[in-house]
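Structural description and commentary
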Amino acid sequence: TAGVRRQAASLGFANDEKLIDIARDLRFKLADHGIEPEDLRYSGHGYANLLYIATIAVELEKVNDADLTLFLVEEPEAHLHPQLQAAVLSFLDEQAEKSRKPRDGHQGPAGELQIIVATHSPNLSAWVESKKLIFFRSFLPAPANPAAAAVVEEPQPLAGFPVEIMPEIEPNPVLPVGRPRRVTRCIPLAALALNEVERRKVDRYLDVTKSAMLFGGRVLLAEGIAEALLLPVIAKKIVLKDDVEKLRLFRSAVFVPIDGVDFEPYTKLLLSAYEDVRIADRLVVLTDGDGGEVAAGAEFPGVARKRKLDGVAAGLGAAHLMDVVINDYSLETELVTAGNADLLKQIYLVLHPRSGEKWDAAVAQAGAAQAVAIQKLFETTRKGDFAQLLAEEINAGKAFTVPPYLKCAIEALVA
């Protein structure tokens, strides 16, 4: 930058110091900050990285000598325990905040510190508010003129390479000449059109499990943990067992239980376009119809939810990237009506050994009455435990019929 004070950057290495002298100075600096470094021969990579970050942090005390100091941190989570990741991020955040506090009587440089962290860790992204996150992705731009994609061009000078040495740069033997080059695009989450309520919801619910949605191109949003536990084993053992390529795609997807039915903030986050790119390549929303206690002829809540979400996707120009899949009633009811009543009863009795008659009475009913009765059974059942036991039985090869809507969701995710 060339503002009031010109900035200059340089990198140098001292040639008059031995490595042992540098190491000795390093130990003194660490000791000043209450860190007792163990011999690195007895430490893991994570602790070694932490020591290195600590030595850099010592230098952060000198930020008062400049208007702005940039501290760039490459993947601080490497080899670090999640709690240490949190400690490192918290420390860096504290340093940046401290640098912005006004100092009484100070007449020198501003002394502000800006920290930029590159990470693949959902742990770190979960601990930062969304307005401070910038999402990067590789993007293959479509040619403005489709016919131009077939034009073979001569090699062009590369940035930083003199024209006279271009013949010495070998072309990539894998990519054909003239093929469009992938570029990197950035999506600042602060720039996405979320209102304040939606922003707060996203920040509140982006915990470690949900932050994974920022790292997967294919995302499935479900109401609760049960679907997230069951879908992978159903896909592997039944729906996609004979399609290796689609199963590989499915395994790379991210499954996010949102603990409710308010899918709209997540839909906007994942499908809003910023300079022609979006966070998600494919989005599937799996939600219940909730038709059990609906008056005759009235619209099911799930149908209204689907219509609203489809409208959001259409408004974002992303209708082709999203499928909202619903059932009539609920997951448990659909599992029973698909023909799995005996297997589900067996698992239910593991959790409620003395409730066999109650189960039989609920399943003996039909239609909406059955759905309401089954839902009442599961009001006092840990759905995550139930789904885990069912997943184990499916994985072991027990006979199981997949409800059509779950099969549809799985296929939509890998379409």
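Residues numbered from 1 in each chain as written. Predicted model: local features only at pLDDT ≥ 70, side-chain atom pairs only at ≥ 80, totals over all residues. Heavy atoms only, no water.

**Some words on the overall build of the protein**
Secondary structure summary: the protein contains 15 helices and eight strands in total. When contacts within the protein are restricted to residue pairs at least 6 apart in sequence, those whose partners lie at least 24 apart make up 76%. Accessible surface for the protein amounts to roughly 24,600 Å². Of this, 55% is attributable to carbon and sulfur atoms. (Helix = DSSP H or I, 4+ residues; strand = E, 2+ residues; numbered from the N terminus. Contact = heavy atoms within 4.5 Å. Areas by Shrake-Rupley, 256 points an atom, 1.4 Å probe, with all protein chains shown as cover.)

**What to know about the layout of surface pockets**
Where empty space is left can be seen by rolling a probe of water-molecule size over the atoms. The computed volume of the largest pocket comes to approximately 1,200 Å³. Surrounding the largest pocket, 35 residues form its lining, Val117, Thr119, Lys132, Leu133 and Ile134 being those nearest its centre. At the level of elements, helix 3 (82-99), strand 2 (112-118), helix 4 (122-126) and strand 3 (134-139) are the ones that each hand at least two residues to the lining of the largest pocket. Of the residues forming the lining of the largest pocket, the biggest block, seven residues, is contributed by helix 3. Here the residues of the lining of the largest pocket are counted per class, giving 19 nonpolar, seven polar and nine charged. (1 Å grid on protein atoms, 1.4 Å probe; cavity = no way out; pocket = protein on both sides within 12 Å on 5 of 7 lines; lining within 4 Å. Points joined across faces, edges and corners; volume = space filled by probe spheres on them. Nonpolar A, V, L, I, M, F, W, Y, C, P; charged D, E, K, R; others polar.)

**Let's talk about the confidence of the model for the protein**
Put simply, the protein has an average pLDDT of 81, and 76% of its residues get 70 or more. Note that residues 148-155 has pLDDT below 50 and, in this model, six contacts with residues that lie over four places away or in other chains. Predicted confidence for residues 165-169 stays below pLDDT 50, and this span has six contacts to residues more than four positions away or in other chains. (pLDDT = per-residue confidence, 0-100.)

**Structural notes on the pairing of strand 8 (residues 322-326)**
Inspection of the sheet shows strand 7 (residues 282-287) paired to strand 8 by five bridges, in the parallel sense. Within strand 8, the position partnered with Leu283 by the bridge is Met322. Considered for its hand, the β-α-β crossover made up of strand 7, helix 10 (residues 301-315) and strand 8 is right-handed. (Pairing = 2+ DSSP bridges. Right-handed = clockwise from strand over helix to strand, strands pointing away.)

**A short note on helix 12 (residues 356-363)**
Where helix 12 is concerned, the buried positions are Gly356, Trp359 and Ala362. End-on, the buried residues of helix 12 take up no more than an arc of 130 degrees, which puts them together on one face. Opposite its buried face, helix 12 presents the exposed residues Glu357 and Lys358, each directed more than 90 degrees away. On its buried side, helix 12 packs onto helix 11 (331-351) and helix 13 (367-377). (Buried < 20%, exposed > 50% of the residue type's maximum accessible area, 1.4 Å probe, protein only. Arc of directions from axis to C-beta.)

**Here we look at the pattern of salt bridges**
Applying the stated criterion across every chain, the model contains 19 salt bridges. One salt bridge in this structure joins Lys132 and Glu129, with 3.9 Å as the shortest N-O distance. With relative accessibility at 49%, the residue Lys132 sits in the partly exposed group. Salt-bridge contacts for Lys407 lead to Glu411; the nearest nitrogen and oxygen are separated by 2.6 Å. With Lys407 and Glu411 both in helix 15 (residues 404-413), this residue pair falls four residues apart, about one helical turn. (Salt bridge = Lys/Arg side-chain N within 4 Å of Asp/Glu carboxyl O.)

**Observations concerning the nonpolar core**
The tendency in soluble globular proteins is for nonpolar side chains to be buried as a group. Residues Leu220, Leu230, Ile234, Phe250, Leu390 and Leu406 are the most contacted members of the largest nonpolar core, which totals 46 residues. Of all hydrophobic cores here, the second largest spans 32 residues; its members include Leu192, Leu206, Tyr266 and Leu283. (Core = buried A, V, L, I, M, F, W, Y, C linked by side-chain atoms within 4.5 Å.)

**What about the environment of Leu247?**
By secondary structure assignment, the location of Leu247 is in helix 8 (residues 244-251). Sequence separation between Leu247 and Ala235 is 12 residues, and the spatial gap between their C-alpha atoms is 7.3 Å. If sequence neighbours within four positions are ignored, Leu247 has contacts with Ala235, Lys236 and Leu240.

**What about empty space enclosed by the protein?**
By the definition in use, this model includes one cavity of 30 Å³ or more. Of the volumes computed, that of the largest cavity is approximately 40 Å³. Lining the largest cavity we find Ala226, Leu230, Leu331, Glu332, Leu335, Lys383, Phe386, Ala387 and Leu390. For the lining of the largest cavity, the secondary-structure elements that each account for two or more residues are helix 7 (225-239), helix 11 and helix 14 (383-395). For the lining of the largest cavity, the element with the most residues is helix 14, which contributes four residues. Here the residues of the lining of the largest cavity are counted per class, giving seven nonpolar, no polar and two charged.

**A closer look at unusual backbone geometry**
Residue Glu75 is not a glycine yet carries a positive backbone phi of 45 degrees. A positive phi angle is found at Glu275, which is not glycine, with a value near 50 degrees. Here Glu275 lies in the loop between helix 9 (264-271) and strand 7.

**A few points about helix 15**
Looking only at helix 15, the buried set comprises Tyr405, Leu406, Ala409, Ile410, Ala412 and Leu413. Mapping the buried residues of helix 15 onto a view down its axis gives an arc of 165 degrees, with all of them on the same face.

**Thoughts on the packing of helix 5 (residues 196-205) against helix 9**
Interaxial distance between helix 5 and helix 9 falls to 9 Å at its minimum, and their mutual angle equals 90 degrees. When the axes of helix 5 and helix 9 are compared, the pair comes out roughly perpendicular. Residue-level inspection shows Glu198, Lys201, Val202 and Tyr205 of helix 5 in contact with helix 9, the latter providing Glu264, Pro265, Tyr266, Lys268 and Leu269. (Axes fitted to C-alpha atoms, helices over the stretch in contact; angles between N-to-C directions. Parallel < 35°, antiparallel > 145°, perpendicular 65-115°, else oblique.)

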